[in-house]
Amino acid sequence: MEFRFTEAQKRLRKEVSEFCEEPRTQEILKELEAEGELYNAHSWELYKKMAKRGWLGMQWPKEYGGQGLSFEETAIFNETTAYYRIPMMGYALTSIIGNALIHFGSEEHKKEYVSRMAAGEILFCLLYSEANAGSDLASMQTRAVEDEGDYVINGTKIFTSLGHISHYGFLAARTDPDVPKHKGISLFIVPMDTPGISINPMLTMGEGRVNEIAFEDVRVPQKNMVGEKNKGWRLLNKALAVERSGLGFVAGAQRGFEDILNYVREKGLGKDPVIRQKLARLATEIEVAHLLAWRVVSLQSKGLVPDSEASMSKLYGTELIQRVANTGMEIMGLSGLLKGNSKWAPLEGKMESAYRSSRFVTIAAGTSEIMRLIISFRGLGLMPAYMM
Ligand SMILES: Cc1cc2nc3c(=O)[nH]c(=O)nc-3n(C[C@H](O)[C@H](O)[C@H](O)COP(=O)(O)OP(=O)(O)OC[C@H]3O[C@@H](n4cnc5c(N)ncnc54)[C@H](O)[C@@H]3O)c2cc1C
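Model, not experiment: these values are computed from the prediction. Residue numbers run consecutively from 1 along every chain, following the written order of its sequence. Predicted model: local features are reported for residues with pLDDT of at least 70 only, side-chain atom pairs are reported and counted for 80 or more only, and whole-chain, interface and lining totals are derived from all residues.

## Looking at the overall build of the protein chain
Numbering of helices and strands runs from the N terminus, with a helix taken as a DSSP run of H or I at least four residues long and a strand as a DSSP run of E at least two residues long. Within the protein chain, the secondary structure is distributed over twelve helices and eight strands. Scaling as 2.2 N^0.38, a compact globule of 388 residues should have a C-alpha radius of gyration of about 21 Å, and the protein chain matches this with 21 Å. Seen through its principal axes, the protein chain has C-alpha atoms that stretch 75 × 50 × 45 Å. For the protein chain, contacts bridging at least 24 residues in sequence account for 71% of all contacts bridging at least 6. Values of the radius of gyration come from C-alpha atoms, whereas the globule rule sets the reference at 2.2 Å times the count of residues to the power 0.38. By the criterion used throughout, residues are in contact when their C-beta atoms, derived from the backbone, lie within 7 Å.

Given below as structure tokens:
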């Protein structure tokens with residue numbers, strides 16, 4: 001077995017790295033960092049520049065604004081931008097929802113939305129979670145009721161990333177309340193400026209923003225339904241599997257690890273046997289995480305849909321990013337608690353901020369417990385008692 005990148009893939013990595021290192025890109029990162037956590041931030045300037053270079057929806061067909069490239073190129077782009085801490089939530093949402101529209105949307109959906117997504121003109125947010133439907137998403141209560149050729153939506157979604165700046169929402173709602181809960185769900189494209197939508201901020205401990213989005217008699221035309229009525233569950237799960245490759249988390253962990261290593265070298269802490277043990281352990285775990293994540297990419301490139309493999313990678317990569325931040329805080333001791341606005345803060349407060357903002361990664365897009373459940377059930381064939 002051998003991993004080898006083509007010359008074109010190596011050129012892509014170099015091009016993306018140079019873009020990330022550009023002074024203007026670094027200036028934007030500093031501005032966003034001053035406002036709060038980078039994970040949930042968005043820069044339209046960077047986004048449009050990436051679109052111009054053809055980096056949004058690289059794996060989509062050319063007729064819809066993509067480049068028809070493989071998952072490997074997408075993975076190289078993801079890995080490189082995550083290493084440079086570029087905020088990629090907008091890109092992640094575009095990937096998930098664009099892929100869903102390409103696979104399950106109508107021709108009209110693809111023409112109307114996917115090309116504009118690839119051009120960086122519009123953003124979609126993901127309207128799945130509710131107060132009582134997160135891990136158990138099929139329990140969602142938001143209703144969409146047919147009325148004179150439209151659907152009328154009522155309910156409240158929470159934790160919506162970038163909901164306050166998105167042009168459209170990709171919404172899951174119950175269209176049949178009288179069948180088992182996984183069977184009565186449908187998916188819709190909802191313009192976010194439709195009358196009846198109200199948006200409220202929810203602030204995260206990483207000083208970022210997600211949203212609570214309420215729908216009161218929000219009317220969308222029938223043609224905005226994606227896929228078949230009441231068959232949204234399978235589609236929704238497939239779309240989420242794309243989000244679980246985990247490569248971005250590994251690259252983030254790698255970058256955090258390198259920062260700690262430089263700090264340890266600079267302060268002459270490498271003589272401490274406990275610190276050496278901690279760093280050697282992390283270095284090994286980063287290698288493992290890389291292999292898990294690239295295995296997922298390799299399956300995707302062969303046209304397969306990774307299942308428990310994607311869950312393993314998401315689980316390991318996200319828990320690793322937290323272990324890196326935890327270790328950084330332990331090594332830096334009390335001064336590690338200082339925020340970036342203190343001149344005494346080590347690494348300009350990056351570890352303190354990474355410690356807080358990395359808490360959400362083991363929750364969003366499926367918690368660690370749910371990833372373990374998927375691995376034990378679909379990977380090992382161990383069915384939970386409530387499913388027997
Ligand atoms: C920063 C952030 C951004 C997000 N962005 C979005 C977004 O853009 N769009 C969107 O729709 N959602 C988004 N989410 C929501 C996210 O997907 C949910 O938070 C997640 O699925 C968990 O659901 P919950 O918060 O309701 O927790 P719960 O499901 O209530 O879980 C609570 C705890 O119970 C555990 N648990 C639950 N069920 C089981 C089980 N069967 N076995 C073992 N343990 C279990 C969980 O692991 C967790 O520890 C975001 C969340 C965060 C934090």
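## Observations concerning the site of the ligand
Near, as applied to residues and a molecule or strand, means the residue's backbone-placed C-beta atom lies within 6 Å of it. Taken together, 20 residues lie around the ligand, and Tyr128, Gly134, Ser135, Thr367 and Glu369 are the ones closest in. Counting residues per element, the ones that place at least two in the shell around the ligand are β1 (124-127) and α12 (368-379). The biggest single contributor to the shell around the ligand is α12, with three residues. Residues are grouped as follows: nonpolar covers Ala, Val, Leu, Ile, Met, Phe, Trp, Tyr, Cys and Pro; charged covers Asp, Glu, Lys and Arg; every other residue, Gly included, is treated as polar. The residue makeup of the shell around the ligand, split by class, is eleven nonpolar, eight polar and one charged. Looking at which domains feed residues into the shell around the ligand, each of domain 2 (126-230) and domain 3 (244-387) supplies at least three. Segmentation of the chain into domains, including their bounds, is taken from an automatic or database domain assignment.

## Describing the domain arrangement of the protein chain
It is common to report an interface's size as the accessible area lost on association of the parts. Taken domain by domain, the protein chain comprises domain 1 (7-122), domain 2 (126-230) and domain 3 (244-387). Of note, the centres of domain 1 and domain 3, computed from C-alpha atoms alone, are 22 Å apart. Facing the twelve residues of domain 1 at the interface are twelve residues of domain 3. Partitioning the side of domain 1 that touches domain 3 into residue classes produces six nonpolar, two polar and four charged.

## Here we look at the nonpolar core
Generally speaking, a soluble globular protein has its nonpolar side chains buried in company with each other. Working definition: the nonpolar core is a set of buried Ala, Val, Leu, Ile, Met, Phe, Trp, Tyr and Cys residues, joined through C-beta atoms within 7 Å. Once C-beta atoms are placed from the backbone, each residue is buried if 20 or more other C-beta atoms lie within 10 Å of its own, exposed if 12 or fewer, and partly exposed for counts between those two. Ranked by size, the top nonpolar core spans 97 residues in total, and within it Leu93, Phe170, Ala172, Leu187, Phe188 and Ala253 carry the most contacts. Among the elements that take part in this core, helix α10 (residues 308-332) stands out by supplying ten residues, more than any other. Among all residues touching phenylalanine 188, those that are not within four sequence positions of it are Ala144, Tyr151, Leu171, Ala173, Val220, Asn224, Met225 and Val226.

## Let's talk about the environment of methionine 89
Looking at where methionine 89 falls in the secondary structure, it is placed in helix α5 (residues 89-104). On the basis of neighbour counts, which here come to 19 C-beta atoms within 10 Å, the residue methionine 89 falls in the partly exposed class. Counting along the chain gives 48 residues from methionine 89 to alanine 41, while the straight-line C-alpha distance between them is 7.0 Å. Excluding residues that lie within four positions of it along the chain, methionine 89 makes contacts with Tyr39, Asn40, His42, Ser161 and Leu162.

## Digging into the environment of isoleucine 363
Of note, isoleucine 363 is situated in the loop between α11 (350-357) and α12. A sequence separation of 228 residues divides isoleucine 363 from serine 135, and the C-alpha atoms of the two residues are 9.2 Å apart.

## Description of unusual backbone geometry
Trans peptide bonds make up most of the peptide bonds, and negative phi angles are found at most residues other than glycine. Phi is positive for leucine 162, which is not a glycine, with a value near 55 degrees. Mapped onto the elements, leucine 162 comes out in the loop between β3 (150-157) and β4 (168-174). The residue glutamate 207 is not glycine, and still its phi comes out positive at about 65 degrees. With respect to the secondary-structure elements, glutamate 207 resides in the loop between β6 (197-203) and β7 (209-221).

## Quick word on α5
Expected span of a helix, by definition, is 1.5 Å for each gap between consecutive residues, and there is one gap fewer than residues. Along its 16 residues, α5 runs 22 Å from first to last C-alpha, staying within 8% of the 22 Å computed at 1.5 Å per residue. Listing the buried residues of α5 in full gives Gly90, Tyr91, Ala92, Leu93, Thr94, Ser95, Ile96, Ile97, Gly98, Ala100 and Leu101.

## Here we look at the pairing of β7
Here β3 pairs with β7 via seven bridges, running antiparallel. Bridge pairing in β7 places isoleucine 153 opposite valine 218. Between any two strands, at least two bridges found by DSSP are needed for them to pair. Across seven bridges, β6 lies against β7 in antiparallel orientation. When the sheet's bridge partners are listed, proline 201 is paired in β7 with asparagine 211.

## Section: helix α3 (residues 44-52)
Inspection of α3 places Leu46, Tyr47, Met50 and Ala51 among the buried residues, and these make up the whole buried set. Seen from one end, α3 has its buried residues packed into an arc of 140 degrees, which puts them on one side. Across α3 from its buried face, at more than 90 degrees, point the exposed residues Trp44, Glu45 and Lys52. In this fold, the buried residues of α3 make contact with α2 (23-35), α5 and α6 (107-118). Just downstream of α3, glycine 54 is the residue with a positive phi angle, here 80 degrees. When we speak of the arc, we mean the arc of directions from the helix axis to the C-beta atoms.

## A closer look at the pairing of strand β2 (residues 143-147)
Relative to β3, β2 runs antiparallel, the two being bridged by five bridges. By the bridge assignment for β3, alanine 144 is matched with isoleucine 153. Counted between consecutive antiparallel strands, the loop separating β2 from β3 contains two residues, among which glutamate 148 sits at a positive phi close to 45 degrees.

## Brief notes about the environment of glutamate 369
Inspection of the secondary structure assignment puts glutamate 369 in helix α12. Residues glutamate 369 and serine 135 lie 234 residues apart in sequence; the distance between their C-alpha atoms is 9.3 Å.

## Focus: the packing of helix α4 (residues 71-83) against helix α8 (residues 247-266)
Axis geometry follows a simple rule: fit a line to the C-alpha atoms, using only the stretch in contact for helices, then measure angles between N-to-C directions, giving values from 0 to 180 degrees. At their nearest, the axes of α4 and α8 sit 8 Å apart, and the two run at 35 degrees to each other. As α4 packs across α8, the resulting crossing turns out to be right-handed. Across the interface between the two elements, Ala75, Asn78, Glu79, Ala82 and Tyr83 of α4 pack against Leu247, Gly248, Ala251, Gly252, Gln254 and Arg255 of α8. Along the lines of polarity and charge, the residues of the contact of α4 with α8 split into five nonpolar, four polar and two charged. Each crossing gets its hand from how the near helix is turned against the far one by less than a right angle, where anticlockwise is left-handed and clockwise is right-handed.

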